[in-house]
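# Architecture at a glance
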Amino acid sequence: MDSQQLSKAGSGMIQQFLDWLGAIGKPGLYIVMLLEGSSLPFPGVILVLSFGYILSPGYWNTALLAVEMSMCYSLASLVPYFLAMKLEGYFPERFKKGLDKAKSFFKQYGIWSIALSRPFGIGNYISFVAGMSNVSVVKYAILTFVGIYPWAYVMIMLGDYFNGNYERFRSFFSSSSVYVYIGLVIAVIGIAFILYYKKVRN
């Protein structure tokens, strides 16, 4: 089989995969977010980008969809949170490196680390640290929602923009200027949520 045939076969498999995701629809996206929130090792980014392309919801509908996605993620994140409370810090050796980084991050930024870490890999470990630190479950859930919402919104929009193509997405992120732009978008949305939370709290 030559390279052209391999390319066609690969394209056919990708199209079948996208058709399968399209048939599942939003419930499939919610399941992805539940798995992401549970801190299981899972290729969530690829699937969320694919759903962004398939659903192509537009700006306002994406804002609402990101709320639903964030609720699923926040709900599932309670699993590692309560698990850490029960285990009281007893974790397998392979977890310790990630947990140590998360503990250091938590020590530096306090409970706001729960929100700040969500768009990154360390966010999976911060759920356990929050549970071990006996953070209020209400504060934990709110900060988790605040932290994951910008990520959910941006990933859906990027998935739509790149037609679900993960390689194009990776190339896009290879530019340092893009990192700054995405960071600013996430920061603006995150700050808006923090200000709103403080206003409601007061």
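The structure this text deals with has already been given above.
### Some details on the overall build of the chain
Assigned secondary structure in the chain consists of eleven helices and zero strands. Listed by position from the N terminus, the elements making up the chain come as α-α-α-α-α-α-α-α-α-α-α. Taking all contacts inside the chain whose residues are at least 6 apart in sequence as the whole, residues at least 24 apart take part in 76%. Looking at the chain as shown, the accessible area adds up to about 11800 Å², and 64% of this sits on carbon and sulfur atoms.

### As for helix α4 (residues 58-76)
The terminal C-alpha atoms of α4, which comprises 19 residues, lie 26 Å apart, in line with the 27 Å expected from a rise of 1.5 Å per residue. Listing the buried residues of α4 in full gives Thr62, Ala63, Leu65, Ala66, Met69, Ser70, Cys72, Tyr73, Ser74 and Ala76.

### A few points about the packing of α4 against helix α5 (residues 78-87)
It is the contact of α4 with α5, at a shortest axis distance of 4 Å, that shows an interaxial angle of 15°. The pairing of α4 with α5 is recorded here as roughly parallel in orientation. On α5, the residues touching Ser74, Leu75 and Ala76 of α4 are Leu78, Val79 and Pro80.

### A word on helix α3 (residues 44-55)
Within an α-helix, residues lying three or four positions from one another point in the same direction, as the helix has 3.6 residues per turn. Between its first and last C-alpha atoms α3 spans 16 Å; for twelve residues at 1.5 Å apiece the expected length is 16 Å, and the two agree. Following α3 by one or two positions, serine 56 has its phi on the positive side, about 40°.

### Quick word on the packing of aromatic side chains
Centre-to-centre distance and the angle between the planes together describe a pair of aromatic rings. Within the structure shown, the criterion is met by five aromatic pairs. Ring centres of tyrosine 81 and phenylalanine 82 lie 5.0 Å apart, and the angle between their planes is 80°; on these two criteria the pair is classed as edge-to-face. Residue classification places tyrosine 81 among the buried residues on the basis of a relative accessible area of 1%. Taken together, the aromatic side chains of Tyr81, Phe82 and Tyr140 make up a single cluster linked through ring pairs.

### What to know about the environment of methionine 69
Along the chain, methionine 69 falls in helix α4. Given a relative accessible area of 0%, methionine 69 falls into the buried group. In this structure, the C-alpha to C-alpha distance between methionine 69 and phenylalanine 145, residues 76 residues apart in sequence, is 9.3 Å. The contacts of methionine 69, once residues within four sequence positions are left out, are Leu29, Met33, Val48, Ala152 and Ile156.

About the criteria used
- Residues numbered from 1 in each chain as written.
- Predicted model: local features only at pLDDT ≥ 70, side-chain atom pairs only at ≥ 80, totals over all residues.
- Heavy atoms only, no water.
- Helix = DSSP H or I, 4+ residues; strand = E, 2+ residues; numbered from the N terminus.
- Contact = heavy atoms within 4.5 Å.
- Areas by Shrake-Rupley, 256 points an atom, 1.4 Å probe, with all protein chains shown as cover.
- Expected span 1.5 Å × (residues − 1).
- Buried < 20%, exposed > 50% of the residue type's maximum accessible area, 1.4 Å probe, protein only.
- Axes fitted to C-alpha atoms, helices over the stretch in contact; angles between N-to-C directions.
- Parallel < 35°, antiparallel > 145°, perpendicular 65-115°, else oblique.
- Phe/Tyr/Trp six-rings, centres within 6.5 Å; stacked < 30°, edge-to-face > 60°.

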